[in-house]
There are 2 protein chains.
Amino acid sequence: MSQHRHPGAPGSAGAVPALPDLPEATVARLPEYLRALHNLADGGHETVSSEGLATAAGVNSAKLRKDLSHLGSYGTRGVGYDVALLIEQIESVLGLTQRRAVALVGVGNLGHALAGYDGFASRGFRIAALFDADPARVGEEINGLVVRHVDELSRVAAEESIAIGVIATPAAAAQPVADQLVAVGVTSILNFAPCVLSVPEGVDVRKVDLAIELQILSFHEHRKASLTALPATGGSALTALPGGLAANDSQEAIGT
Amino acid sequence: MSQHRHPGAPGSAGAVPALPDLPEATVARLPEYLRALHNLADGGHETVSSEGLATAAGVNSAKLRKDLSHLGSYGTRGVGYDVALLIEQIESVLGLTQRRAVALVGVGNLGHALAGYDGFASRGFRIAALFDADPARVGEEINGLVVRHVDELSRVAAEESIAIGVIATPAAAAQPVADQLVAVGVTSILNFAPCVLSVPEGVDVRKVDLAIELQILSFHEHRKASLTALPATGGSALTALPGGLAANDSQEAIGT
DNA sequence: AGGCGCTTGTGAAGGGGTGCACAAATCGCG
DNA sequence: CGCGATTTGTGCACCCCTTCACAAGCGCCT
Ligand SMILES: NC(=O)c1ccc[n+]([C@@H]2O[C@H](COP(=O)([O-])OP(=O)(O)OC[C@H]3O[C@@H](n4cnc5c(N)ncnc54)[C@H](O)[C@@H]3O)[C@@H](O)[C@H]2O)c1
Ligand SMILES: NC(=O)c1ccc[n+]([C@@H]2O[C@H](COP(=O)([O-])OP(=O)(O)OC[C@H]3O[C@@H](n4cnc5c(N)ncnc54)[C@H](O)[C@@H]3O)[C@@H](O)[C@H]2O)c1
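Residues numbered from 1 in each chain as written. Chains lettered and ligands numbered in written order. Predicted model: local features only at pLDDT ≥ 70, side-chain atom pairs only at ≥ 80, totals over all residues. Heavy atoms only, no water.

## Quick look at the protein's contact with DNA strand C
Keep this limit in mind: Any residue with at least one heavy atom within 4 Å of a molecule or strand is counted as near it. Within 3.5 Å is the distance limit for a polar contact, defined as a pair of N or O atoms, with the added protein rule that one can donate a hydrogen and the other accept it, and that residues adjacent in sequence qualify only through two side-chain atoms. Secondary structure elements follow DSSP: runs of H or I of four or more residues count as helices, runs of E of two or more count as strands, with numbering from the N terminus.
Around DNA strand C there are 27 residues in total, and Ser50 and Tyr81 of chain A together with Lys63, Lys66 and Arg77 of chain B lie nearest to it. Here the atoms of DNA strand C within 4 Å of the protein split so that 67% fall in sugar or phosphate, with bases taking the remainder. Residue serine 50 of chain A places a main-chain N or O atom 2.4 Å away from a phosphate oxygen belonging to DNA strand C. Note that a base nitrogen of DNA strand C is positioned 2.8 Å from one of the side-chain N or O atoms of arginine 65 of chain A. Elements with a contribution of two residues or more to the surface near DNA strand C: helix H3 (61-70), strand S2 (75-76) and strand S3 (80-82) of chain A together with helix H1 (24-42) and helix H3 (61-70) of chain B. Counting residues per element, the surface near DNA strand C draws most heavily on H3 of chain B, which supplies four residues.

## Here's the deal with the pattern of salt bridges
Stated formally: We define a salt bridge as a contact between a side-chain nitrogen of Lys or Arg and a carboxyl oxygen of Asp or Glu at a distance within 4 Å. With a 1.4 Å probe rolled over the protein chains alone, any residue whose accessible area is under 20% of its type maximum counts as buried; one over 50% counts as exposed, and the rest are partly exposed.
For the structure shown, the criterion picks out 20 salt bridges over all chains. As a salt-bridge pair, glutamate 32 of chain B and arginine 35 of chain B come within 2.4 Å of each other at their nearest N and O atoms. Placement of the pair is glutamate 32 of chain B and arginine 35 of chain B together in helix H1, with a separation of three residues, close to one helical turn. Arginine 35 of chain B carries the same exposure label as glutamate 32 of chain B, and that label is buried. Residue arginine 155 of chain B pairs with glutamate 159 of chain B through a salt bridge whose shortest N-O separation is 2.8 Å. Taken together, the residues span about one helical turn, with arginine 155 of chain B and glutamate 159 of chain B both in helix H7 (residues 153-160) at a distance of four residues. Accessibility expressed as a relative area gives 41% for arginine 155 of chain B, which makes it partly exposed. Linked through salt bridges whose partners overlap, the residues forming this network are Glu32 and Arg35 of chain A together with Lys207 of chain B.

## Observations concerning helix H4 (residues 83-94) of chain A
Filter applied, for reference: Helix span is expected to be 1.5 Å times the residue number reduced by one. Only heavy atoms enter the contact rule, under which two residues are in contact if any of them lie within 4.5 Å.
End to end, H4 of chain A covers 16 Å across twelve residues, agreeing with the expected 16 Å (1.5 Å per residue, within 8%). By the burial criterion, the buried members of H4 of chain A are Val83, Leu86, Ile87, Gln89, Ile90, Ser92, Val93 and Leu94 of chain A. Tucked inside the fold, the buried residues of H4 of chain A contact helix H1 (24-42), strand S1 (47-48), helix H2 (50-57), H3 and S3 of chain A together with helix H9 (210-229) of chain B. By the N-cap criterion, in which a side-chain oxygen at the helix start approaches the backbone nitrogen of a residue two or three places on, H4 of chain A is capped by aspartate 82 of chain A, the distance to alanine 84 of chain A being 3.1 Å. Just downstream of H4 of chain A, glycine 95 of chain A is the residue with a positive phi angle, here 75 degrees.

## A word on the protein's contact with DNA strand D
Arg29 and Arg77 of chain A together with Ser50, Arg65 and Tyr81 of chain B are the nearest of the 27 residues found near DNA strand D. Here a phosphate oxygen of DNA strand D and a backbone polar atom of glutamate 24 of chain A are 3.4 Å apart. Looking at the surface near DNA strand D, the elements that each hand over two or more residues are H1 and H3 of chain A together with H3, strand S2 (75-76) and strand S3 (80-82) of chain B. If you tally residues by element for the surface near DNA strand D, the top one is H3 of chain A, at four residues.

## Remarks on the packing of aromatic side chains
Residue and element names in this part refer to chain A. Selection rule: Classification of ring pairs uses Phe, Tyr and Trp, with its six-membered ring standing for Trp, and accepts pairs whose centres are within 6.5 Å; under 30 degrees between planes counts as stacked, over 60 as edge-to-face, and the remaining range as tilted.
Taken as a whole, this structure holds two aromatic pairs over all chains when the rule is applied. An angle of 65 degrees between the planes, with centres 6.2 Å apart, marks the rings of tyrosine 117 and phenylalanine 120 as edge-to-face. For tyrosine 117, a relative accessible area of 26% corresponds to the partly exposed category. Residue class for phenylalanine 120 comes out buried when judged on its relative accessible area of 2%.

## Here we look at the site of ligand 1
How we decide: Surface accessibility follows the Shrake-Rupley procedure with a 1.4 Å probe radius. Residue values consider only the protein chains on display as shielding.
Surrounding ligand 1, one finds 24 residues, the nearest of these being Asn109, Leu110, Asp132, Arg137 and Thr169 of chain A. Neighbouring residues of ligand 1 are distributed over chains A and B. A distance of 2.5 Å separates an oxygen atom of ligand 1 from a polar atom in the side chain of aspartate 132 of chain A. Alanine 113 of chain B is positioned such that a nitrogen or oxygen atom in its backbone is 3.1 Å from an oxygen atom of ligand 1. Within the complex, the protein chains bury 81% of what would otherwise be the 820 Å² of accessible surface of ligand 1. Elements supplying a minimum of two residues to the shell around ligand 1: helix H5 (109-115) and helix H8 (171-183) of chain A together with helix H5 (109-115) of chain B.

In structure tokens, the structure reads:
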């Protein structure tokens, strides 16, 4: 299906690293599967069916099977997937076999919470350094890490081989900080500031904007209110659906 | 996302605001446009071209025009869009003309940061109440709001007409909290806990999971590293045997 | 050994989103 | 008053994703 790769040389050749080249949508779901799998493993399950895992991850089972098939997963027909093996596979694909070092820039209100978040550590990452521009903040110790001045970013980034930068500064400072991160070789950035970052090609940016999430919810809230206020013209008023409490579809994450 | 609703009204008839029934992808971008527009307005701009606004919002200009056309927006050919008018339109569509009340449940590490976040207030929302289950936390005052016990949720929700619930509790508590929110009539939930919530139809859930964002970045980081490490088909015939050294992490070889 | 039930993996259909390219509309200016 | 420059709005083709439905594969039981 997904053979877009131009083969460099026809004939035999082969032997290309053959990275799976997964669809973005699949990549975005793999972490969710991984979390569900860890839960299952903790619960003592050794295998799980696509149906079971799909439910735990909040997705459609066909979608899950297709996602897993993309990474050449090893399931057993009639049985399901080996939980431990699948965890290993997904972690490998996501590049979580190595514990990547994360630098957090902006240790303010939000930055403090992030610095103390154990979800970082428990899911494959290591907060390697904290930075802030405020001299009053520099030197402060959080969770065993000392806040350093951003001017030290270059030196520390090299020492710690920072792989991912997290920006938790005010919006006005986000672009300069991003530039500094890029300058020291960071090619992945998670941005909490409500602004668009401009980065060179090859650098990935993901954004988390709380206000946007709320505004999207607001839209649906608004729409729901309008619909109930003005009942749907046609016949079917509130069509009582069977199974009133069915779990809804997957809850969307953020991102593109 | 939840299911579609009945299509728009058949005959015209009603002089209703004509609910646009926007594509989800468009809805997700409108807040970004809104933010960019506010920046432009603060900068003194009165009009803006689709190209200019698209750049500010980090999207393609054709996409932006199509998005705006969906909400029947009023642009002027040869000129552009009236910034103030467009702000008004988008805010109206998103239901931001009223300041929605938000309840935050779980005032821990992250909850504290959220409670103090002014991006809430400045973008159309009002934190109306804080809740926690820990008696030690109840009574604490944050930003002029007193933390209450979750048992009071029912009463307070009615008083403040809570529209949106934000969950910032540990994952184990998220589902019960969601159930409580739904029970008191909340139909929009923003979930920061890393778990899937099951809610009745008609309730919208959006999820923010920091670890997932990092893991997605990790994937791309991993892929980029593999690509640069093994440049595309060097030309010389060193890699002869397929799968010669597949012992390492890369589990390629997805069979067709 | 063979049949049976269960589950995976996937072909194919359908829907939605994206971006190009262009006609239509508007303004400013000669 | 008309013309050209500019910019919107959108038809269309393409691509990705989702979902259904089912054949193939696997283990188990008889
Ligand atoms: N607080 C939240 O819950 C929340 C939620 C979502 C998004 N955000 C966004 O996250 C960002 C941070 O929010 P906050 O509430 O922590 O703000 P804050 O003001 O409390 O913290 C910002 C920190 O960044 C530091 N800083 C400023 N310029 C810097 C620079 N050039 N280099 C390094 N550090 C610099 C400041 O010294 C400060 O410590 C903002 O953009 C905000 O909009 C916050
Ligand atoms: N801290 C972060 O930066 C961060 C980032 C992303 C996601 N998260 C997630 O957000 C959630 C909260 O993280 P945290 O670091 O603030 O944890 P925390 O332990 O500091 O805070 C959790 C709070 O929830 C309260 N709580 C527990 N059960 C409750 C219940 N049933 N009803 C009401 N309140 C209850 C606790 O008393 C506590 O105050 C977690 O699920 C975490 O995984 C945190």
